[in-house]
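Spelled out, the chains give:
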Amino acid sequence: MDKKQCCVKLSVQPSRGLMDEKFVVLVQNVPPGFQLTIHALHQCEDGHSWEAFGHYTADATGTVNVSEDPSLGGTYSGVEQMGLLWSLRPVPGSKPGFRLRKMNVQTPMEITISVYQGYQTEGFVDQVPLAGVLVERWYLAPGVRRIPITEDNLTATLFLPPGPGPFPGLLDLWGGGGKLLENRAALLASHGIASLALDYLTPKITMETGKMVDNKYFEAAYRVLQQHPQVLGSRIAMLGLSVGASVTLKMAAYSQVVKLRCAVCVGGTHVQPVDGFLKEFLLLCRENAGKIRLNEENQVVLRDLLLPIPTNPSLKVDLCLHRGRTRHPYHEQKGRRARPSHIFVYTCLSWRGRQGHPDILSPCASAHPEVSIIATKRVYKGGTTPVSSAAGCR
């Protein structure tokens with residue numbers, strides 16, 4: 001295409017929005033049937049670059065609408081409105097094992113969307129795009145308050161939605177990577193939920209003493225939410241990912257302090273020493289480390305780590321002991337490398353069925369008011385950033 005004869009128009013609307021807000025990418029003023037590549041490039045806070053791209057063919061009006069037209073190849077295929085975000089991957093030549101995580105939620109995630117002639121797969125930095133647009137995606141909506149929490153030796157951040165409240169509350173637990181990750185809590189607060197992001201593997205108290213936290217640490221975090229004047233103390237949930245999901249189950253079943261309205265467990269397990277806590281659970285994982293394997297792409301596969309399900313009741317959380325009417329949505333992390341949540345879910349429900357709840361023997365058709373099962377293709381990590389299968393797991 002002669003650039004002198006055609007000025008490509010690229011628009012992304014809205015160009016500034018929340019991470020989970022869908023945008024419309026529109027390419028106009030190209031010849032009908034024109035083959036092009038739409039490319040997304042992001043440089044994360046650690047300096048590493050991530051990219052995604054799709055191959056498209058313009059319609060009879062010389063237009064490509066990513067929301068309606070299928071990608072014919074690239075990092076995603078088919079009609080995927082947000083494919084340019086969720087399929088982001090490290091650029092070729094990057095070191096393996098990186099994960100895309102936004103650490104500073106007070107600044108936006110900036111993505112450059114560009115259009116290139118033809119079906120391109122590499123070498124984008126060496127080419128001149130036909131058009132380009134810079135877009136911003138935020139985890140923090142205007143008016144959301146970010147409050148560091150250090151009382152009771154906690155390492156946490158509370159995010160409060162705009163307005164006087166009171167708001168439903170949520171205790172947010174990430175997985176085994178440690179650190180204080182705020183992006184998911186910030187985004188939930190942007191949608192009206194007072195959210196407390198909690199570091200429980202590498203908090204200040206652990207770094208100073210060398211001792212892992214116990215259940216009292218999580219109960220202290222729960223009280224921060226419960227006693228806050230802008231939080232509905234009777235409407236508090238707990239969201240756990242991976243190790244955080246195991247902690248969530250343990251607290252929901254056995255804590256005399258934590259009384260949850262809902263416990264959301266993503267990619268976790270009920271297999272853990274009942275009489276222990278984090279230290280004992282991680283020790284159990286280390287003892288089974290021989291079951292971890294590498295796949296053909298040299299990626300770590302955790303699926304078999306805690307299988308088979310032990311018959312010893314002291315090694316698994318008994319949800320029958322749970323008080324009240326907490327709902328337990330289980331989100332299954334799909335893929336060969338993920339923990340087999342559907343197996344853990346079925347075991348929990350079968351156990352409950354043997355205890356006099358025959359209506360919940362099927363994990364796919366539960367009508368029991370205390371348990372609901374939700375299977376998803378993606379792990380919720382906040383918005384439309386890459387899932388584990390794209391980001392790598394090491």
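Description of the structure in this document. Quick caveat: nothing in here was measured; it's all calculated off a predicted structure.

**A short note on the overall build of the protein chain**
Phase 1: Scanning the protein chain from terminus to terminus reveals eight helices and 19 strands.
Phase 2: Expressed as a percentage of the 394 residues in the protein chain, the buried residues total 54%.
Phase 3: If you take every contact in the protein chain between residues at least 6 apart in sequence, the share linking residues at least 24 apart comes to 66%.
Phase 4: Element-wise, carbon and sulfur atoms account for 53% of the exposed surface of the protein chain, whose accessible area totals about 17,800 Å².

**Focus on the pattern of salt bridges**
Phase 1: What the rule picks out here adds up to six salt bridges.
Phase 2: Salt-bridge contacts for Lys102 lead to Glu45; the nearest nitrogen and oxygen are separated by 2.7 Å. Highlighted residues: Lys102 in the loop between strand 7 (89-90) and strand 8 (109-117) and Glu45 in the loop between strand 4 (35-43) and strand 5 (49-57), separated in sequence by 57 residues.
Phase 3: By relative accessible area, which is 42% here, Glu45 ends up partly exposed.
Phase 4: Asp304 serves as the salt-bridge partner of Arg293, at 3.7 Å between the closest nitrogen and oxygen. Of the two residues, Arg293 is situated in strand 16 (residues 293-294) and Asp304 in the loop between strand 17 (300-301) and strand 18 (330-332); the sequence distance between them amounts to eleven residues.

**Section: the sheet that holds strand 9 (residues 131-138)**
Phase 1: An order of 2-9-8-4-5-7 is seen for the six strands of this open sheet, with the pairing classed as mixed. A strand with exactly one partner marks an edge of an open sheet, and here the two such strands are strand 2 (16-18) and strand 7.
Phase 2: Taken together, the six bridges between strand 4 and strand 8 define a ladder with antiparallel strand orientation. Counterpart to Ala40 in the pairing with strand 8 is Ile113.

**Quick word on the side chain of Asp172**
Phase 1: Mapped onto the elements of the fold, Asp172 is located in strand 12 (residues 167-173).
Phase 2: Residue Asp172 is classed as buried on the basis of its relative accessible area of 0%.
Phase 3: If we ignore the near neighbours within four places in the chain, the residues touching Asp172 are Arg184, Ala185, Leu196, Ala197, Leu198 and Leu239.

**Things to note about the sheet that holds strand 3 (residues 24-28)**
Phase 1: An order of 1-3-6 is seen for the three strands of this open sheet, with the pairing classed as antiparallel. Each of the sheet's edge strands pairs with one partner strand only, and the pair in question is strand 1 (9-13) and strand 6 (64-65).
Phase 2: In this sheet, strand 3 lies alongside strand 1 in antiparallel orientation, the contact comprising five bridges. Residue Gln13 lies in a different strand from strand 3, and its bridge partner there is Val24.

**Considerations on the side chain of Ser246**
Phase 1: Its place among the elements puts Ser246 in helix 5 (residues 243-254).
Phase 2: Looking at Ser246, the relative accessible area reads 2%, which means it is buried.
Phase 3: For Ser246, the residues in contact, after removing those within four places along its chain, are Thr269, Gln272 and Phe281.

**A look at unusual backbone geometry**
Phase 1: Note the cis peptide between Gly165 and Pro166, where omega equals 0°.
Phase 2: Relative to the assigned elements, Pro166 resides in the loop between strand 11 (156-160) and strand 12.
Phase 3: Between Leu307 and the following residue, Pro308, the backbone shows a cis peptide bond with an omega angle of 0°.
Phase 4: Examined against the element boundaries, Pro308 turns out to sit in the loop between strand 17 and strand 18.
Phase 5: Despite not being glycine, Lys179 has its phi angle at roughly 75°, a positive value.
Phase 6: Note on placement: Lys179 falls in the loop between strand 12 and helix 2 (183-190).

**Considerations on the environment of Gly268**
Phase 1: Looking at where Gly268 falls in the secondary structure, it is placed in the loop between strand 15 (262-266) and helix 6 (278-287).
Phase 2: For the pair Gly268 and Ser242, spaced 26 residues apart in sequence, the C-alpha to C-alpha distance is 4.4 Å.

**Focus: the packing of aromatic side chains**
Phase 1: In the structure shown here, the tally under the stated rule is six aromatic pairs.
Phase 2: Centroid distance Tyr76 to Trp86: 6.5 Å. Interplanar angle 55°. Geometry classified as tilted. With a gap of ten residues between them, Tyr76 in the loop between strand 6 and helix 1 (83-86) and Trp86 in helix 1 connect regions that are remote in the sequence. Here Tyr76 matches Trp86 in class, with each residue buried.
Phase 3: Between the aromatic rings of Tyr217 and Phe218, the centroid separation amounts to 5.8 Å while the plane-to-plane angle is 85°, which identifies the pairing as edge-to-face. Just as Tyr217 is buried, Phe218 falls in that class too.
Phase 4: Taken together through their ring pairs, the aromatic side chains of Tyr200, Tyr217, Phe218 and Phe277 make up a single cluster.
Phase 5: Here the guanidinium or amino end of Arg184 rests over the ring plane of Trp174, the centre of that ring lying 4.3 Å away.

Calculation rules
Per chain, the residues get numbers from 1 upward, laid out in the order the sequence is written. Since the coordinates come from a predicted model, pLDDT governs what is reported: local features require at least 70, and pairs of side-chain atoms require 80 or more to be given and counted, while whole-chain, interface and lining totals use all residues. Here the side-chain values reflect all heavy atoms present in the structure, with hydrogen atoms and water set aside. Secondary structure is summarised from DSSP: a helix means a run of H or I of at least four residues, a strand means a run of E of at least two, and numbering begins at the N terminus for each. Each residue's exposure class comes from its accessible area (1.4 Å probe, protein chains only) as a fraction of the maximum for that residue type: buried when under 20%, exposed when over 50%, partly exposed otherwise. Whether two residues are in contact is decided by their heavy atoms, any of which lying within 4.5 Å being enough. Computed with the Shrake-Rupley method and a 1.4 Å probe, the accessible areas treat only the protein chains shown as cover for residues. Here, a salt bridge means any Lys or Arg side-chain nitrogen found within 4 Å of an Asp or Glu carboxyl oxygen. Here, any two strands with at least 2 DSSP bridges between them count as paired. Any two rings among Phe, Tyr and Trp, with Trp reduced to its six-membered ring, count as a pair given centres within 6.5 Å; such a pair is stacked if its planes are under 30 degrees apart, edge-to-face if over 60, and tilted if neither. Whether a charge sits over a ring comes down to the Lys NZ or Arg CZ being within 6 Å of the ring centre and within 35 degrees of the ring normal.

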